[in-house]
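Single-letter residue listing:
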Amino acid sequence: VLVGCGDKEDKKGNTKIVLTTGFAENEVFRIGDSSCNLSEVMVYLTNMQNQYESIYGTQIWERNIGTETLEKKVKDVVLARLAQIKTMNLLAQRRGTELSEEEEEKVERAAGEYVSTLNETEMTAMGIDEAMIQQLYREYALANKVYSEIIAGTNPEISDDEARTV
C-alpha cells in the first residue's frame, strides 16, 4: 500500500492522510501537491551510495544492521529526507519564503558543478538533466532556509543545571 498525505484540512486545520494507489508513472510519493519521482530518489540514493563506498568500500552493502541490511536502512533514510524537503518546501510556500537572487545563483552554480561530475550514461541511468538537478538543489536550499527561519528564535543550548536534571 502506498501512502500520501492529502492537502485537505479538517475544520481544525489538521492535514488529513489520504491512502492512494493512484500515482503517476515513476512517482514515489506525494505530499500535498508536491510529488517526488523515481529520478529524484535515484540522485539521493546514488549520492549516499558514493559517500558510504568512499569511506567503507563497496563491501559495506553486505553488512546487516540489526535485523535489516544497510541498503534498506539507507533507502529509508533517503525517503525520509526527501519527504522532509518536500514538506519544508510546502511550508515555504505557505510562509511566502523564497530564495534570494544570490541564493538562486548559488543553486545554479552548485547544480552545474554537480552535473559536470556526471557522464551522459549516468545521467540517462538516473533519468535526470541539469534542470532537474537545479530543482533538487533549489528545493534543498529552500528547505534549509525555512528551517533556519523557524529555529532562529530558539536557543538550543541548555544550562549545566538543566543538563544535570536531564
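Conventions we followed
- Residues numbered from 1 in each chain as written.
- Predicted model: local features only at pLDDT ≥ 70, side-chain atom pairs only at ≥ 80, totals over all residues.
- Heavy atoms only, no water.
- Helix = DSSP H or I, 4+ residues; strand = E, 2+ residues; numbered from the N terminus.
- Buried < 20%, exposed > 50% of the residue type's maximum accessible area, 1.4 Å probe, protein only.
- Contact = heavy atoms within 4.5 Å.
- Areas by Shrake-Rupley, 256 points an atom, 1.4 Å probe, with all protein chains shown as cover.
- Core = buried A, V, L, I, M, F, W, Y, C linked by side-chain atoms within 4.5 Å.
- pLDDT = per-residue confidence, 0-100.
- Patch = residues over 30% accessible without salt bridge, like charges linked within 9 Å, V, L, I, M, F, W, Y side chains within 5 Å.
- Salt bridge = Lys/Arg side-chain N within 4 Å of Asp/Glu carboxyl O.
- Lys, Arg positive; Asp, Glu negative; His and termini not counted.
- Charge placed at Lys NZ, Arg CZ, Asp CG, Glu CD.
- Axes fitted to C-alpha atoms, helices over the stretch in contact; angles between N-to-C directions.
- Parallel < 35°, antiparallel > 145°, perpendicular 65-115°, else oblique.
- Nonpolar A, V, L, I, M, F, W, Y, C, P; charged D, E, K, R; others polar.
- Expected span 1.5 Å × (residues − 1).
- Pairing = 2+ DSSP bridges.

1. Let's talk about the overall build of the chain
Each helix and strand in the chain was counted, giving six helices and six strands. The helix and strand sequence of the chain, counted from the amino end, reads β-β-β-β-α-β-β-α-α-α-α-α. Expressed as a percentage of its 166 residues, the buried residues of the chain come to 28%. Considering only contacts within the chain whose residues lie at least 6 apart along the sequence, 60% involve residues at least 24 apart. Just so you have it, the chain exposes about 11,600 Å², and 50% of that area is on carbon and sulfur atoms.

2. Things to note about the nonpolar core
The biggest cluster of nonpolar side chains holds 33 residues, and the ones touching the most others in it are V43, V74, V78, L82, I128 and I133. Going through the elements one at a time, β3 (27-31), α1 (38-56), α2 (70-95), α3 (101-116), α4 (120-126) and α5 (130-151) are the ones with two or more residues in this core. With eight residues, the top contributor of residues to this core is α2. Look past the residues within four positions of V78 in its chain and what remains in contact with it is V41, Y44, L45 and M48.

3. Digging into the confidence of the model for the chain
Per-residue confidence for the chain gives a mean pLDDT of 85; residues scoring 70 or more make up 88%. The least confident element of the chain, judged by mean pLDDT, is strand β1 (residues 3-9) at 47; the most confident is α3 at 96. Contacts from residues 1-7, a stretch scored under 50 in pLDDT, to residues over four places away or in other chains number 25 contacts.

4. Considering the side chain of E139
Tracing the backbone shows E139 in helix α5. By relative accessible area, E139 is classed as buried at 11%. Beyond its immediate chain neighbours, meaning those up to four positions away, E139 contacts E40, I85, K86 and N89.

5. Considerations on a negative patch on the surface
On the surface, E101, E105, E108, D129 and E130 cluster together into a negatively charged patch. Among the elements that take part in the negative patch, α3 stands out by supplying three residues, more than any other. Structurally, the position occupied by D129 is in the loop between α4 and α5.

6. Points about the packing of α1 against α5
Where α1 meets α5, the axes come as close as 11 Å, and the angle between the chain directions of the two elements is 75°. If you check the angle between α1 and α5, you find them roughly perpendicular. Residues S39, E40, V43 and Y44 of α1 form the contact with α5, whose participating residues are M132, I133, L136, E139 and Y140. Looking at the contact of α1 with α5 residue by residue, the classes come out as six nonpolar, one polar and two charged.

7. Some words on α1
Along an α-helix, a turn takes 3.6 residues, which lines up residues three or four apart on a common side. The end-to-end C-alpha separation of α1 is 26 Å, in line with the 27 Å expected for 19 residues at 1.5 Å each. Next to the buried residues of α1 lie β3, β4 (34-37), α2, α3, α4 and α5. G57, located one to two residues past α1, shows a positive phi value of around 90°.

8. What about the pairing of β4?
Where burial is concerned, the two faces of β4 differ: the one with S34 and C36 is buried and the one with S35 and N37 is not. As defined by bridge partners, β3 adjoins β4 across four bridges and the pair is classed as antiparallel. Following the sheet pairing, E27 is matched in β4 by N37. As consecutive antiparallel partners, β3 and β4 are separated by two residues, and within that stretch G32 has a phi angle of approximately 60°, a positive value.

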